[in-house]
Amino acid sequence: MIPGQNMNEILRLVDAHWVNAKHQVALPANWRPDDRVIVPTPKTVDEARARLEDRSLEVFDRYLAKKTR
């Protein structure tokens, strides 16, 4: 689908840019509002350890974790 042909797609893209700018997170392909977002990679070992203990995150490995915004 080409953006501009569907108003829902335009609104989804605007929402995605807003969430990215406000929360400094990455968004997976086909992201929809209320879907989980990808949090930035930890910069230190201590941040990585804290991420593993954080129950609000869905941790896949030390570099990839998702959370609800």
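Residues numbered from 1 in each chain as written. Predicted model: local features only at pLDDT ≥ 70, side-chain atom pairs only at ≥ 80, totals over all residues. Heavy atoms only, no water.

*Asks:* Whenever I open this one, the overall build of the protein confuses me. Can you help?
*Replies:* Helix and strand counts for the protein come out as 2 helices and 3 strands. Along the protein, helices (α) and strands (β) appear in the sequence α-β-α-β-β when read from the amino end. If you line up the protein on its principal axes, its C-alpha atoms span 45 × 15 × 15 Å. Buried positions account for 20% of the 69 residues belonging to the protein. Taking all contacts inside the protein whose residues are at least 6 apart in sequence as the whole, residues at least 24 apart take part in 26%. A total of about 5400 Å² of accessible surface is found on the protein, and carbon and sulfur atoms cover 52% of it. The averaged location of the 10 negative side-chain charges in the protein is 1 Å from the averaged location of its 12 positive side-chain charges. (Helix = DSSP H or I, 4+ residues; strand = E, 2+ residues; numbered from the N terminus. Buried < 20%, exposed > 50% of the residue type's maximum accessible area, 1.4 Å probe, protein only. Contact = heavy atoms within 4.5 Å. Areas by Shrake-Rupley, 256 points an atom, 1.4 Å probe, with all protein chains shown as cover. Lys, Arg positive; Asp, Glu negative; His and termini not counted. Charge placed at Lys NZ, Arg CZ, Asp CG, Glu CD.)

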